[in-house]
Amino acid sequence: MEAAEALGYPPERVFKTLLAADDKALVVGIVPVDGRLDLKSLAAATGHKRLSMADPAVAERVTGMVVGGISPIGQKRALPTVLDASALGFDTILVSGGRRGLDIELAPADLVRITEAGVAAIAAH
C-alpha cells in the first residue's frame, strides 16, 4: 500500500509479487497490493494440491532479490507464475522492479508474455 501511495496510483493497479511453496516446488503469485494471495486459488491454477507462503529466506535465495522488492521479472530462474485476473482490466500495472522502492509500469499482456504467466483469479480482498 505504501508503494501505491508514494507513486500516486490506485492500489488496485499496483501489484506485489509473492512466492508460495509445497514440499517440492515454488510458484509465483502476482496480486494487487490491497489484496492478499488466495493460496487455494493459486494451487488450483498451478496444479498443486496445497500451497503455503514460501519462507522469506528461501524466496530471496531462489529469486536473487530482497523480500519487499521481489520482481516477477529477472529472477535467477523462471518459476511457474500466475497473474491475478484483475490486472487485465487496466492498460498498465506496476510491479516491483527488483529492489525496494523501484517499480516498473507495463501492460499486463507484456508481463504475461515476459514471465510466461498464467492468468487466474488468485487475489482475495
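Scroll up for the structure.
Attention in this report is confined to the structure presented alongside it. (Residues numbered from 1 in each chain as written. Predicted model: local features only at pLDDT ≥ 70, side-chain atom pairs only at ≥ 80, totals over all residues. Heavy atoms only, no water.)

Some details on the side chain of threonine 63
Phase 1: With respect to the element layout, threonine 63 can be found in helix α3 (residues 56-63).
Phase 2: Looking at threonine 63, its side chain comes within polar contact range of the main-chain nitrogen of methionine 65, at 3.2 Å.
Phase 3: Apart from the residues lying within four places of it in its own chain, the contact partners of threonine 63 are Leu19, Ile70, Gln75 and Lys76. (Helix = DSSP H or I, 4+ residues; strand = E, 2+ residues; numbered from the N terminus. Polar contact = N/O pair within 3.5 Å; in protein donor to acceptor, adjacent residues only side chain to side chain. Contact = heavy atoms within 4.5 Å.)

A closer look at the sheet that holds strand β2 (residues 26-32)
Phase 1: Taken together, the 5 strands give an open sheet; going across it, the order is β4-β1-β2-β5-β8, and neighbouring strands pair in mixed fashion. Each end of this open sheet is capped by a strand with a single partner; those strands are β4 (52-53) and β8 (118-120).
Phase 2: Direction of pairing for strand β1 (residues 15-21) relative to β4: antiparallel, over a ladder of 2 bridges. When the sheet's bridge partners are listed, alanine 21 is paired in β4 with serine 52.
Phase 3: Packing against the sheet, helix α4 (residues 108-115) makes contact with β2, β5 (81-84) and β8, and its axis sits at approximately 170° to β5. (Pairing = 2+ DSSP bridges. Axes fitted to C-alpha atoms, helices over the stretch in contact; angles between N-to-C directions.)

A few points about the pairing of β1
Phase 1: Where burial is concerned, most of β1 is hidden: 5 out of the 7 residues are buried.
Phase 2: The pairing of β1 with β2 spans 7 bridges and is antiparallel. Each bridged residue has a counterpart across the sheet, and for alanine 20 the counterpart in β2 is valine 27.
Phase 3: Connecting the antiparallel pair β1 and β2 is a turn made up of 4 residues. (Buried < 20%, exposed > 50% of the residue type's maximum accessible area, 1.4 Å probe, protein only.)

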